Amino acid sequence: MFEDLAQKLARIREAMDYAVAEEDRAEAEDLLDIYREDRMGLALLQEFYSYLPEAREDWVKEIRVVNRQRGIFLLVACTARDRYLYLVSSEGLEFQGSMADGYLAEELLDFFGYESTEDFAAVCASPEALAVYEPVRMDADVCPACHAVTGELHELGCPVELCPWCGGQLVHCSCRYDQLGLDAISTEEELLRFEAVLEERGRIPYAPEQRPSFAGDGWEGDLGE
């Protein structure tokens, strides 16, 4: 579970006391303010300032998006000294090294659709061409709950996903029970049966117009509730 946003901000600022030179603090704080309500952005900043990659004073000037698939983002923290890659999702974060190395593990190359290490290295050679990472709440192209992008399927259990039978929110309508002839989904086998029925019906991928039905940050989807 993510800690409270106020606690995370306090931890980042505490780490910045040791990581950021006094003359750079105001600009570093400005970037922190942009992501003050964005859990993935804050996770990256906390990781960077808590474990400085080069063990020396530095600060993040901007965060850019290298790639994203199925709610998993490959982000680059651009600093005054270097650029560092992070794999970030709602589940956690992994440091991937310096962008200058142009290296990504083979399974990640496959996941993000790069045909070769050379293809990825070419992307790394032009970081200025990458889009700036926007807080998820501000980016209509990203589901605010599971972070699927437009045209991708939601993570099963996402509160934003629409029901293909009634058009309501899948985690709150009764269609999942009606389709299985059950009063509740209480076992893994029943959940797998519902997933199969859902796939057969045709799941509704994420689209920006689904966002108004999302009630707020921190929802937890539960298809068995």
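Residues numbered from 1 in each chain as written. Predicted model: local features only at pLDDT ≥ 70, side-chain atom pairs only at ≥ 80, totals over all residues. Heavy atoms only, no water.

**Topic: the overall build of the protein chain**
Consideration 1: Looking only at helices and strands, one finds seven helices and five strands in the protein chain.
Consideration 2: Reported as C-alpha extents along the three principal axes, the dimensions of the protein chain are approximately 65 × 40 × 30 Å.
Consideration 3: Within the protein chain, the fraction of its 225 residues that count as buried is 46%.
Consideration 4: Long-range contacts, defined here as pairs at least 24 residues apart, represent 54% of the contacts in the protein chain between residues at least 6 apart. (Helix = DSSP H or I, 4+ residues; strand = E, 2+ residues; numbered from the N terminus. Buried < 20%, exposed > 50% of the residue type's maximum accessible area, 1.4 Å probe, protein only. Contact = heavy atoms within 4.5 Å.)

**Quick look at the sheet that holds strand 1 (residues 60–69)**
Consideration 1: Strand order in the open sheet made by the five strands is 4-3-2-1-5, with antiparallel pairing throughout. Edge positions in the sheet fall to strand 4 (92–98) and strand 5 (131–132), since each has one partner strand and no second. (Pairing = 2+ DSSP bridges.)

**Details of the side chain of Glu190**
Consideration 1: Turning to its location among the elements, Glu190 is positioned in helix 7 (residues 188–201).
Consideration 2: It is Arg193 that comes nearest to the buried, bridge-free Glu190 among opposite-charge side chains, at 5.5 Å.
Consideration 3: Among residues more than four places away in sequence, those in contact with Glu190 are Leu180, Leu182, Ala184 and Ile185. (Lys, Arg positive; Asp, Glu negative; His and termini not counted. Salt bridge = Lys/Arg side-chain N within 4 Å of Asp/Glu carboxyl O.)

**Side note on the pairing of strand 3 (residues 83–89)**
Consideration 1: Here strand 3 lies mainly inside the structure; six of its seven residues are buried.
Consideration 2: Bridge count between strand 2 (residues 72–79) and strand 3: six bridges; the pairing is antiparallel. From the neighbouring strand, Val76 faces strand 3, where its bridge partner is Leu85.
Consideration 3: Where strand 2 folds back on strand 3, the antiparallel hairpin that results is connected by three residues.
Consideration 4: Looking at chain direction, strand 3 and strand 4 are connected through six bridges and run antiparallel. Considered in strand 4, the bridge of Tyr84 is made with Ser98.

**Some words on the environment of Asp119**
Consideration 1: Of note, Asp119 is situated in helix 5 (residues 117–124).
Consideration 2: Only 3.5 Å separates the side chain of Asp119 from the backbone nitrogen of Glu115, close enough to count as a polar contact. (Polar contact = N/O pair within 3.5 Å; in protein donor to acceptor, adjacent residues only side chain to side chain.)

**A look at the packing of helix 1 (residues 5–19) against helix 2 (residues 25–34)**
Consideration 1: With their axes 12 Å apart at the nearest point, helix 1 and helix 2 run at an angle of 160 degrees to one another. Viewed along their axes, helix 1 and helix 2 adopt a mutual orientation that is roughly antiparallel. Relative to helix 2, helix 1 is oriented so that their crossing is right-handed. Touching Leu9, Ile12, Arg13, Met16 and Asp17 of helix 1 are Arg25, Ala28, Glu29 and Leu32, all from helix 2.
Consideration 2: Partitioned by chemical class, the residues of the contact of helix 1 with helix 2 number five nonpolar, no polar and four charged. (Axes fitted to C-alpha atoms, helices over the stretch in contact; angles between N-to-C directions. Parallel < 35°, antiparallel > 145°, perpendicular 65-115°, else oblique. Left-handed = near helix turned anticlockwise from the far one by under 90°. Nonpolar A, V, L, I, M, F, W, Y, C, P; charged D, E, K, R; others polar.)

**Looking at unusual backbone geometry**
Excluding glycine, most residues fall at negative phi; most peptide bonds, likewise, are trans.
Consideration 1: A positive phi angle is found at Ala55, which is not glycine, with a value near 55 degrees.
Consideration 2: Tracing the chain through its elements places Ala55 in the loop between helix 3 (39–50) and strand 1.
Consideration 3: Here Ala55 falls in the exposed class, since its relative accessible area comes to 69%.
Consideration 4: A positive phi is found at His147, a non-glycine position, where the angle reads about 70 degrees.

**Focus: helix 1**
Consideration 1: In a regular helix each residue adds 1.5 Å, so 15 residues correspond to 21 Å; helix 1 covers 21 Å between its end C-alpha atoms and thus fits that length.
Consideration 2: Looking only at helix 1, the buried set comprises Leu5, Lys8, Leu9, Ile12, Ala15, Met16 and Ala19. Buried residues along helix 1 cover an arc of 130 degrees about the axis, so they all sit on one side. Every exposed residue of helix 1 that faces more than 90 degrees away from the buried side is listed here: Asp17 and Tyr18.
Consideration 3: Of the surrounding elements, those touching the buried residues of helix 1 are helix 2 and helix 3. (Expected span 1.5 Å × (residues − 1). Arc of directions from axis to C-beta.)

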